[in-house]
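Read off the chains here:
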Protein chains: 4
Amino acid sequence: VVRVPIRVIYGDTDQMSVVYYGNYLRYFEAARNEFIRSKGLRYRDFEAEHRLLLPVAEAHVSYRTPARYDDLLTVEIALGEARRASARFDYRIVREEDGAVVATGHTLHACVDLDGKVRRLPAVLLAALSAGEPAGSASGA
Amino acid sequence: VVRVPIRVIYGDTDQMSVVYYGNYLRYFEAARNEFIRSKGLRYRDFEAEHRLLLPVAEAHVSYRTPARYDDLLTVEIALGEARRASARFDYRIVREEDGAVVATGHTLHACVDLDGKVRRLPAVLLAALSAGEPAGSASGA
Amino acid sequence: VVRVPIRVIYGDTDQMSVVYYGNYLRYFEAARNEFIRSKGLRYRDFEAEHRLLLPVAEAHVSYRTPARYDDLLTVEIALGEARRASARFDYRIVREEDGAVVATGHTLHACVDLDGKVRRLPAVLLAALSAGEPAGSASGA
Amino acid sequence: VVRVPIRVIYGDTDQMSVVYYGNYLRYFEAARNEFIRSKGLRYRDFEAEHRLLLPVAEAHVSYRTPARYDDLLTVEIALGEARRASARFDYRIVREEDGAVVATGHTLHACVDLDGKVRRLPAVLLAALSAGEPAGSASGA
């Protein structure tokens, strides 16, 4: 599990005075970048070295407690499940001030080559993504 | 079913030259606004007249074919299911040029009063939202 | 002058219940795309046919009257001045309901080749951009 | 001068593989929030305690060197000039890796009360904003 801080700005809110529902996918992405970096990888290297991309196939968000302007949030991200040609990331966003769970969700990523063909997720990448994560979180089944 | 046109701008794309995954929730919202307007309602009246809000409780997107800059998209929206205190909208985004299905998804909305308490969706609102939609699409069960 | 309609969505607003100040640059861009299309050009052709790009060198916005959720806006765009290697677009955003001027501004675009070198704006492009616009709006000086 | 780090995410870029021009106004805002916080103020208190708002009247950006995905940027912000009923903030965005100046710009803010009437910027607020800043940067003239 990797934890990434996010400070809510005005530009993230909408006129209900809460974070606009689509912006949580930005927060998820910011966390995903840091997760990958924390494993010693860089997303840009997936393409340059492995000729692979991990486009989002599915995204899901459950909204629990609205986040507001100036809230300091923590996005927790974990590798949820890695299959032959896909990987899922699970997210939980918590507000620092009171520990309220703001949102949970996941993104499912396909592993494709630069022509868009589905490819097996290389073992070396899977091993790197799973490093330091709880056993069984990435079964590679 | 209500159909809403969207023209993709540069600001919607990311460096993969496709629409950023979070922006589909903006397209969903644009369609939701037009759906409500097409039924003779205005979202702002929900609050002013009924003292109710319909915050998003859950959002889901399945990404099928990437949309690109300058694509003309049609967002199809339908009332998926209306329960005592919630309503679901279903979405399908199609690219006009070739009919490709770009994305599908749904949003689930709770019906709450201005204090955030869950409230029954008023019959008059449900009837208005269901008007002209296929029978059974909003069971009100 | 080309006029482009924009309907304000929730995602454009912030917690002041007005359109977030950065989003006017999205509206400007949407209008720029339609301006170019209305002249029989496509921005993507600049790159494919002329090997040229028109990156934004400068953007300016003056905020007059706040736009709000569900407002129907018209973005008016005109070619402001075209020089050897740059072009300026001028914008005015008006609210349809009451004719209020919401914002004015401009963007200045450099003409560069795919290596980023400044290039003369081709006469054929300048002529196309100026077609139907008031004389003197693009002096080409 | 206050310095605020920003990590560029995919959602900030566009298909030119650079940060979308409108998103620099988000970076400016993030820096503005931190500037105000660093002076012991909170923007929300302007409204709650002083019954004042500081809406943006004007924004300007000069784009120098494109920022890219994963770049670590520093936004430098300084109080540029404070007049009777307005304050200007000046910004400079620098890329950490090579020190390149990515963008410069300013925002001009009016001081208005909750009815939208122009009001004198209170001396206590001006003093707080100017604390620790170079003499003369906020003349209060």
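Residues numbered from 1 in each chain as written. Chains lettered and ligands numbered in written order. Predicted model: local features only at pLDDT ≥ 70, side-chain atom pairs only at ≥ 80, totals over all residues. Heavy atoms only, no water.

> Provide a residue-level description of the sheet that holds strand 5 (residues 86-95) of chain B, including the pertinent values.
The 10 strands are arranged 1(A)-4(A)-5(A)-6(A)-3(A)-3(B)-6(B)-5(B)-4(B)-1(B) in an open sheet whose pairing can be described as antiparallel. Edge positions in the open sheet fall to strand 1 (2-7) of chain A together with strand 1 (2-7) of chain B, since each of these has one partner strand only. Across the sheet, the mean angle from the axis of one strand to that of its neighbour is 20°, orientation sign disregarded. Relative to strand 5 of chain B, strand 4 (residues 72-83) of chain B runs antiparallel, the two being bridged by 10 bridges. (Pairing = 2+ DSSP bridges. Helix = DSSP H or I, 4+ residues; strand = E, 2+ residues; numbered from the N terminus. Axes fitted to C-alpha atoms, helices over the stretch in contact; angles between N-to-C directions.)

> So, the interface of chain B and chain D: which residues are in play, and what are the values?
It is common to report an interface's size as the accessible area lost on association of the parts. Tallying the contact residues gives 10 residues for chain B and 10 residues for chain D. In total, chain B and chain D occlude about 970 Å² of area from one another, counting both sides; carbon and sulfur atoms represent 55% of this. The three residues of chain B that bury the most area against chain D are Tyr10, Gln15 and Tyr20 of chain B, which together make up 58% of that side's buried surface. There are 0 salt bridges connecting chain B and chain D. In the side of chain B that touches chain D, the residues fall into 5 nonpolar, 4 polar and 1 charged. (Contact = heavy atoms within 4.5 Å. Buried area = accessible area lost by both parts, 1.4 Å probe. Salt bridge = Lys/Arg side-chain N within 4 Å of Asp/Glu carboxyl O. Nonpolar A, V, L, I, M, F, W, Y, C, P; charged D, E, K, R; others polar.)

> Could you give an account of helix 3 (residues 123-130) of chain B, with specific residues and numbers?
Residue and element names in this part refer to chain B. Within helix 3, the full set of buried residues consists of Leu125, Leu126, Ala128 and Leu129. The arc that holds the buried residues of helix 3, viewed along the axis, is 165°, so those residues lie on one side. Exposed and oriented more than 90 degrees from the buried face of helix 3 are Ala123 and Val124. Looking at the residues trailing helix 3, positive phi occurs at Gly132, about 80°. (Buried < 20%, exposed > 50% of the residue type's maximum accessible area, 1.4 Å probe, protein only. Arc of directions from axis to C-beta.)

> Describe the pattern of salt bridges, naming the residues involved and giving the relevant values.
Across all of its chains, the model carries 51 salt bridges over all chains by this definition. With its nearest N and O atoms 2.8 Å apart, the salt bridge here joins Asp90 of chain A to Arg88 of chain A. If you follow the salt bridges from partner to partner, you end up with Arg7 and Asp70 of chain A together with Glu34 and Arg37 of chain D in one network.

> Tell me about the interface of chain A and chain B, and please be specific about residues and values.
Contacts between chain A and chain B engage 19 residues on the former and 19 residues on the latter. When chain A packs against chain B, the two sides together hide about 1600 Å² of surface, and 59% of this comes from carbon and sulfur. At the junction of chain A with chain B, the criterion picks out 0 salt bridges. The interface formed by chain A and chain B contains 11 residue pairs in polar contact (both at pLDDT 80 or more). The biggest single contributor to the side of chain A that touches chain B is strand 3 (residues 56-63) of chain A, with 8 residues. Residues that form the side of chain A that touches chain B fall into these classes: 11 nonpolar, 4 polar and 4 charged. (Polar contact = N/O pair within 3.5 Å; in protein donor to acceptor, adjacent residues only side chain to side chain.)

> Summarise the environment of Tyr63 of chain D; cite the residues concerned and give the values.
Among the structural elements, Tyr63 of chain D can be located in strand 3 (residues 56-63). By relative accessible area, which is 14% here, Tyr63 of chain D ends up buried. Measuring from C-alpha to C-alpha, the distance between Tyr63 of chain D and Val101 of chain D comes to 8.8 Å, with 38 residues separating the pair along the chain. What Tyr63 of chain D contacts, discounting residues up to four positions off in sequence, is Leu25, Val56, Ala57, Glu58 and Ala59 of chain C together with Tyr21, Tyr24 and Val102 of chain D. Here Tyr21 of chain D takes part through its backbone oxygen, which lies 2.9 Å from a polar atom of the side chain of Tyr63 of chain D.

> Now, about the relation of the copies chain A and chain B: what can you tell me, with residues and values included?
Two copies of a chain can be linked by a rotation about an axis combined with a shift along that same axis. Placing chain A over chain B gives an RMSD of 0.0 Å and needs a rotation angle of 180°, together with 0.0 Å of translation along the axis. In short, the pair behaves as if placed about a two-fold rotation axis. Among all residues of chain A, the minimum C-alpha distance to the rotation axis is found for His60 of chain A, at 2.2 Å. Of all interface residues in chain A, 100% are interface residues in chain B too; the two copies therefore contact each other through one and the same surface. (Least-squares fit on C-alpha atoms with pLDDT ≥ 70 in both.)

> Can you tell me about unusual backbone geometry, naming the residues and giving the values?
The phi angle at Asp70 of chain C is positive, at roughly 80°, despite the residue not being glycine. Tracing the chain through its elements places Asp70 of chain C in the loop between strand 3 (56-63) and strand 4 (72-83). The exposure class of Asp70 of chain C is buried, given its relative accessible area of 10%. Phi at Arg51 of chain D takes a positive value of approximately 60°, unusual for a residue other than glycine. Mapped onto the elements of the fold, Arg51 of chain D is located in the loop between helix 2 (43-50) and strand 2 (52-53).

> Break down the pairing of strand 6 (residues 101-110) of chain D for me, with residues and values.
Residue and element names in this part refer to chain D. Counting buried positions along strand 6 yields 7 of 10 residues, so the element is predominantly enclosed. As judged from the 7 bridges shared by strand 3 and strand 6, these two strands associate in the antiparallel manner. Considered in strand 6, the bridge of His60 is made with His106. Judged from the 9 bridges that link them, strand 5 (residues 86-95) and strand 6 form a sheet pairing that is antiparallel. Directly across from Ile93, in strand 6, lies its bridge partner Ala103. Between the antiparallel neighbours strand 5 and strand 6 lie 5 residues, among them Gly99 with a positive phi of about 75°.

> Describe the environment of Val2 of chain C, listing the residues and the values that go with them.
Residues and elements named next belong to chain C. Tracing the chain through its elements places Val2 in strand 1 (residues 2-7). Among the residues examined, Val2 registers a relative accessible area of 13% and is labelled buried. Considered as a pair, Val2 and Tyr91 are 89 residues apart in the sequence and their alpha carbons are 9.8 Å apart. Not counting residues up to four positions away in its chain, the partners in contact with Val2 are Glu34, Phe35, Ser38, Lys39, Val75, Glu76 and Ile77.

> Give me the lowdown on the confidence of the model for chain A, citing residues and values where you can.
Residue and element names in this part refer to chain A. When pLDDT is averaged along chain A, the result is 91, and 95% of the positions lie at 70 or above. Taken as a whole, residues 137-141 scores under 50 in pLDDT and shows 14 contacts with residues more than four places along the chain or in a different chain. Under the prediction, the complex receives an ipTM of 0.92, its pTM being 0.94. (pLDDT = per-residue confidence, 0-100.)

> For the side chain of His60 of chain D, give the residues involved together with the corresponding values.
Tracing the backbone through its elements, the reader meets His60 of chain D in strand 3. Sequence-distant contacts of His60 of chain D, defined by excluding residues within four places in its chain, comprise Glu58, Ala59 and His60 of chain C together with Phe28, Thr104, Gly105 and His106 of chain D.

> Outline helix 1 (residues 23-38) of chain B, supporting the account with residue identities and numerical values.
With 16 residues, helix 1 of chain B should reach 22 Å at 1.5 Å per residue; the first-to-last C-alpha distance of 23 Å fits that figure. Among the 16 residues of helix 1 of chain B, 13 are classified as buried, and the element is accordingly described as predominantly covered. (Expected span 1.5 Å × (residues − 1).)

> Quick rundown of the sheet that holds strand 4 of chain C? Include the residues and the values.
If you trace the 10 strands from one edge of the open sheet to the other, you get 1(C)-4(C)-5(C)-6(C)-3(C)-3(D)-6(D)-5(D)-4(D)-1(D), paired in antiparallel fashion. Edge positions in the sheet fall to strand 1 of chain C together with strand 1 (2-7) of chain D, since each has one partner strand and no second. Here the average twist between neighbouring strands, direction ignored, is 20°.

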